[in-house]
Amino acid sequence: MHTQAWALITGASSGLGVEFAHQLAAQGYNLLLVARREAVMQQLARQLERRHGIRCHTFAQDLSQPGADIRLVGELDLLALVPDLLINNAGVGCFGPFIAQDHERIQAMLQLNMHTLTGLTQLVAQRMQARGSGSILLISSIAAFLPLPGYAAYGASKAFVLQWGVALREELKDCGIHVSVLAPGMTRTAFFDIARQPITPFWNHFMLPAANVVAAGLHGLRQSRAIIVPGWYNRILTCCSQLLPRGVLAWVAKRLLQVNTDSGVS
Ligand SMILES: NC(=O)c1ccc[n+]([C@@H]2O[C@H](COP(=O)([O-])OP(=O)(O)OC[C@H]3O[C@@H](n4cnc5c(N)ncnc54)[C@H](OP(=O)(O)O)[C@@H]3O)[C@@H](O)[C@H]2O)c1
C-alpha cells in the first residue's frame, strides 16, 4: 500500500482514466483527478474516498487550451503536492478524411495529445527530480506504429508520444524518474463516439475491456517496461508493422478502416 503516495491522472472522467483511478485507489494511492467534467470527477472522488479510505482532489481543466499545463501545476504547487505517479492519459481522436475535418477540432486534439502532455510532463518531472523520484506513464496507442488513413493526425500525435516517451525514459533514468509508454489497441470506452468512428461488429471483436488495459499498463509500469502493448493480437500487429513497408501498411489500413477520402466516412 502507498498510503502517502499521490497519483495524478489526466482524463479521469471517463474510460481508461476512471479505470486507472479505481485500480490505483485500490492500491492505496491518493488521487489528483483532471478533466473538464468536474461533477463526474467529484462523484468518482467521493466514491473512491469512501471505498478505499484515500484522499482525492479534482481539477476541472480544459487541457486543449494553451497554458493549461502551467495552470494545473500552479494549483498543485499551491497545495504543496508533487505527484509520485503521473498518468498522462487525456486524449481524443478525430476520425474521417483529414481534408474534411474541422480545423479547430484538429488543432485542439494536437494541443491536448501532444503539447499539453509534453508541457505537463516537463513541469511534473522537474518537481519529481527535485524530490529524487517519480514514475510517469504516457498513454500512446497502437496507432503510433502504423500510418492510419482516417486517423492520420491522431496516429501521428500518438507516434510523437511513443518516440518522445522512449527517449525521455532514457534521459530521466539518471534522475530517479521512471517512464513507460502504454500503447493500447482498441478498448471499450467513449473514445470512438467522440472520434466519430462507427464501430462495426468486426472491430467490436478486437475491443479489450478498459480494466484489462489498465491492469496491463500498471503491471508493465511496475516491471519498468519501456513500451506496454496489451493484448496478444495488438502485439502481433505492432511486430508486423515493423516488417512491412509503410506504404503497404497505409494501403491496408485505409481499406480496413473504410475511409472514403472522396466524400466522407463510409
Ligand atoms: N479507447 C481506445 O481504443 C484507445 C486506444 C488507444 C489509445 N487510447 C488513448 O487512451 C486515452 C484515454 O482515452 P479513452 O479511451 O479512455 O477515451 P474516453 O473515454 O473518451 O476518455 C477521454 C478522457 O480524456 C478527457 N479529455 C478529453 N478532452 C479533454 C480536454 N480538452 N481537457 C481535459 N480532459 C480531456 C475526457 O474528459 P472530459 O471530457 O471530462 O474533459 C475523458 O476523461 C487517450 O489518450 C486515447 O488516445 C484509447
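Residues numbered from 1 in each chain as written. Predicted model: local features only at pLDDT ≥ 70, side-chain atom pairs only at ≥ 80, totals over all residues. Heavy atoms only, no water.

Per an unreviewed UniProt entry, the chain is named NADP-dependent 3-hydroxy acid dehydrogenase YdfG, and its organism is Pseudaeromonas sharmana. The chain has a UniProt comment under Sequence similarities (unreviewed entry) that states "Belongs to the short-chain dehydrogenases/reductases (SDR) family." (UniProt positions renumbered as here; feature names shortened; annotations may be inferred.)

### So, the nonpolar core
Counting residues in each nonpolar core, the largest one holds 57 residues, and the members touching the most others are Ile 136, Leu 138, Phe 145 and Tyr 151. Ranked by the residues each element gives to this core, the list is headed by helix 4 (residues 103-131), at eleven residues. Not counting the four nearest positions on each side in its chain, Phe 145 is found in contact with Leu 162, Ala 183, Ile 227, Val 229, Thr 238, Ser 241 and Gln 242. (Core = buried A, V, L, I, M, F, W, Y, C linked by side-chain atoms within 4.5 Å. Buried < 20%, exposed > 50% of the residue type's maximum accessible area, 1.4 Å probe, protein only. Helix = DSSP H or I, 4+ residues; strand = E, 2+ residues; numbered from the N terminus. Contact = heavy atoms within 4.5 Å.)

### A look at the pattern of salt bridges
In total, this model carries four salt bridges according to the counting rule given. For Arg 46, the salt bridge identified is with Glu 49, shortest N-O distance 2.9 Å. Taken together, the positions of Arg 46 and Glu 49, both in helix 2 (residues 38-52) and three residues apart, correspond to about one turn of that helix. Relative accessible area serves as the criterion here: at 33%, Arg 46 is assigned to the partly exposed category. Judged by its relative accessible area of 22%, Glu 49 falls in the partly exposed class. The closest approach of N and O atoms between Lys 173 and Glu 170, which form a salt bridge, is 3.2 Å. The exposure class assigned to Lys 173 is partly exposed, which follows from its relative accessible area of 45%. Accessibility expressed as a relative area gives 48% for Glu 170, which makes it partly exposed. (Salt bridge = Lys/Arg side-chain N within 4 Å of Asp/Glu carboxyl O.)

### Re unusual backbone geometry
Here Ala 80, not a glycine, exhibits a phi torsion of approximately 55°, which is positive. Turning to its location among the elements, Ala 80 is positioned in the loop between helix 3 (68-78) and strand 4 (85-88). Here Ala 80 falls in the exposed class, since its relative accessible area comes to 65%.

### Some remarks on the UniProt feature "domain: Ketoreductase" (unreviewed entry) in the chain
In the numbering used here, UniProt assigns the "domain: Ketoreductase" (unreviewed entry) feature to residues 5-187. Along residues 5-187, the helical share is 48% and the strand share 18%, with 28 Å between the first and last C-alpha atoms.

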